[in-house]
Amino acid sequence: MTLGARRLRCLFSRSLLATALVVPAVALAETQQVHLYNWNDYFAEDTLSGFAEQSGIEPVLDVYDANEVLEAKLFAGSSGYDLVFPTARPFAARHIAAGLYRPLDKAQLPGLDRLDPAIMASLAEIDPDNAHLVPYMWGTSGLGLNVEKVRAALGEDAELDTWALIFDPDKAAKLAACGISLLDDPTEVFSAALVYLGKDPNSLDPADLDAATELLNKVHPHIRYFHSSQYTSDLATGDLCVAQGYSGDVLQAQARAEEAKGPEIAYLIPREGAALWTDVMAIPKDAPNPAAAQAFIAYLLQPKVIAEASNYVYYANPNLAATEFLDAELRDDAGIYPPAAVKARLFVPNERSDREIRNLNRRWTRVKAQR
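Residues numbered from 1 in each chain as written. Predicted model: local features only at pLDDT ≥ 70, side-chain atom pairs only at ≥ 80, totals over all residues. Heavy atoms only, no water.

**Overview of the packing of aromatic side chains**
In step 1: All told, the structure shown has 19 aromatic pairs when counted by the stated rule.
In step 2: Residues Tyr37 and Tyr81 carry aromatic rings whose centres are separated by 4.3 Å and whose planes lie at 0° to one another, so their mutual orientation is stacked. Separated by 44 residues along the polypeptide, Tyr37 in strand E1 (residues 33–39) and Tyr81 in the loop between helix H3 (67–76) and strand E3 (83–84) bring together distant segments of the chain.
In step 3: Judged by centre distance (6.1 Å) and plane angle (75°), the ring pair of Phe43 and Tyr136 falls under edge-to-face. Here Phe43, found in the loop between E1 and helix H2 (47–55), pairs with Tyr136, found in strand E4 (residues 134–146); they are 93 residues apart in sequence, far enough to count as distant. An identical accessibility class is assigned to Phe43 and Tyr136; each is buried.
In step 4: Here the aromatic cluster, defined as three or more aromatic residues joined through ring pairs, consists of Tyr42, Phe43, Phe51, Phe85, Tyr136, Tyr246, Trp277, Phe296, Tyr299 and Tyr315. (Phe/Tyr/Trp six-rings, centres within 6.5 Å; stacked < 30°, edge-to-face > 60°. Helix = DSSP H or I, 4+ residues; strand = E, 2+ residues; numbered from the N terminus. Buried < 20%, exposed > 50% of the residue type's maximum accessible area, 1.4 Å probe, protein only.)

**Let's talk about the environment of Leu183**
In step 1: Mapped onto the elements of the fold, Leu183 is located in the loop between strand E5 (180–182) and helix H9 (186–196).
In step 2: Overall, the relative accessible area of 0% leaves Leu183 in the buried class.
In step 3: Taking the C-alpha atoms as reference points, Leu183 and Ser55, 128 residues apart in sequence, are found 38 Å from one another.
In step 4: Aside from chain neighbours lying at most four places away, what touches Leu183 is Glu188, Val189, Phe226, His227, Ser228, Tyr231, Gln244, Gly245, Tyr246 and Trp364. (Contact = heavy atoms within 4.5 Å.)

**Description of the sheet that holds E3**
In step 1: Taken together, three strands build an open sheet; the order of strands is E2-E1-E3 and the sheet is parallel. Two strands lie at the open edges of the sheet, namely strand E2 (58–64) and E3, each paired on one side alone.
In step 2: Here E1 runs beside E2; their pairing, made up of seven bridges, is parallel. Opposite His35, over in E2, you have Val60 as the bridge partner.
In step 3: Strands in contact with H2 are E1 and E2; relative to E2, the strand with the most contacts, it is inclined by about 155°.
In step 4: Lying on the sheet, H3 is in contact with E1, E2 and E3; it crosses E1 at an angle near 140°. (Pairing = 2+ DSSP bridges. Axes fitted to C-alpha atoms, helices over the stretch in contact; angles between N-to-C directions.)

**A short note on the state of the cysteines**
In step 1: Evaluation of the coordinates by the stated rule reveals one disulfide.
In step 2: What pairs with Cys178 in a disulfide is Cys241, and their sulfur atoms sit 2.0 Å apart. Residues Cys178 and Cys241 share a disulfide whose torsion about the S-S bond is about 60°; that sign makes it right-handed. Here Cys178 is found in the loop between helix H8 (169–175) and E5, whereas its partner Cys241 is found in the loop between helix H11 (230–237) and strand E7 (242–246), with 63 residues between them in sequence. (Disulfide = S-S within 2.5 Å.)

**Observations concerning the environment of Val84**
In step 1: For Val84, the position within the fold is in strand E3.
In step 2: Residue classification places Val84 among the buried residues on the basis of a relative accessible area of 0%.
In step 3: Here the alpha-carbon distance between Val84 and Ala98, two residues 14 residues apart in the chain, equals 16 Å.

**Comments concerning the side chain of Thr140**
In step 1: For Thr140, the location among the structural elements is in strand E4.
In step 2: A distance of 2.6 Å separates a polar atom in the side chain of Thr140 from a polar atom in the side chain of Tyr267.
In step 3: If we ignore the near neighbours within four places in the chain, the residues touching Thr140 are Gly245, Tyr246, Ser247, Tyr267, Ile269, Ala275, Leu276, Trp277, Gly335 and Leu346. (Polar contact = N/O pair within 3.5 Å; in protein donor to acceptor, adjacent residues only side chain to side chain.)

**What to know about the pairing of E4**
In step 1: In terms of burial, E4 is a largely internal element, 13 of the 13 residues being buried.
In step 2: Where E4 meets strand E9 (residues 274–281), seven bridges bridge the pair, whose relative direction is antiparallel. When the sheet's bridge partners are listed, Val134 is paired in E9 with Met281.
In step 3: One ladder, built from five bridges, connects E4 with E7; its direction is antiparallel. Note that in E7 the partner of Gly144 across the bridge is Ala243.
In step 4: One ladder, built from four bridges, connects E4 with strand E8 (residues 265–268); its direction is antiparallel. Looking at the pairing, Asn146 lines up with Ile265 of E8.

Structure (C-alpha cells):
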C-alpha cells in the first residue's frame, strides 16, 4: 500500500488498534473523563480509543480551527477543559504570562527525556524550566500547490518555491482563476508578506507593516478566500491551485488527491523563508481533572503512540525515540522533516503585547474588508 493510500485509510477509518502503554500510577479512580480541546484531525485513528482502553478514562474531544478561539475560552475562564493544544508562539507564551496554566507534575511524565533538546530549549524561552508546556507536534507554514494548474497558468519553467505565487500581483492575477487562498491569521499572513519583501518577518515597524499592507491590498482582488482549514479539501478536489497552509494539512490534501486519482498536490517551503511553529500540550489552571490530563500527556509521550499520530496527521513530532516507528516516506519527506539548509530559512514568530495584537488585527480586518 502506498503511503498516500495508507494515510487515506487513516483519514477515513476508525478501527481500534492495540497500543502498548504504561500509564503512570496516579490516583485516577475518581476521574472517569478527560476533556480535550484540540485542532481538528490532530490525533491518530486510535489515539483516543487506545487511551480509553489502557487507562479506563474516557476522553471527550472538542475541536477548533483557530488559536484565537481557544484563547478566548481560556481568558474567559471555566472552559471545562483538562488539556489544550495551543501553538507555542505567540499564544501559549501569552497564556503563561497571564497565569492560565497549571505547572506540570513531571514525576508523572516519564518520557520527557526523549524530547528533542533543541525544541525544549526553545520552549524554555517562553516557559522557564519547561514548567507548563509539553511539545506535541511541529511544522511549517508554506505553500500548497496544484502543480499542473500552476504550471498551466505560469508556464512549465515557473519557479514554484516562492511566495511570489501569492504576493506578486502579476502572478496572482494569472492564478486567480484556478484559486488562491490565504490563512485567516494576521500573524501568519503579515509575516509571509514581510519575508517576501525582504523584511524581518516579526517586524512591527509601522513602515514595514504599511508596506506589507499595501502588498496585501494589491493582491486582495485575486484571493478567493481567507480561511485556515477549508483549503485542505479544496486543494484535494482541485478547487484551489495555490494555498498558504500548514505543512501537514497540505500533505493530507496530497494524500486525498492521490487516493482519488486527483491532481498532483505539492507542499513547498518558500525560499524567502517560512514560519516554524510548535503546538504544545498544557493544562488550564482551572482544569476539572488535571490528573487525567497528566495521564493523557504521559500516553502521548510513548514513542509508538506519538509516531502513529505523526503518521496520521503528517506532522513532525519532537519525540526522538519515535523516529524508528515513523513511516519511512514520512520520515524522509523534506516537507515534514526539513533538511538543515531549509531549516536555516525558517523563523519563529515572536510574542506580542495585547496592544500590538490589537493593532495587527485592525490592519488585518481592514485588509480583508478592503478599507
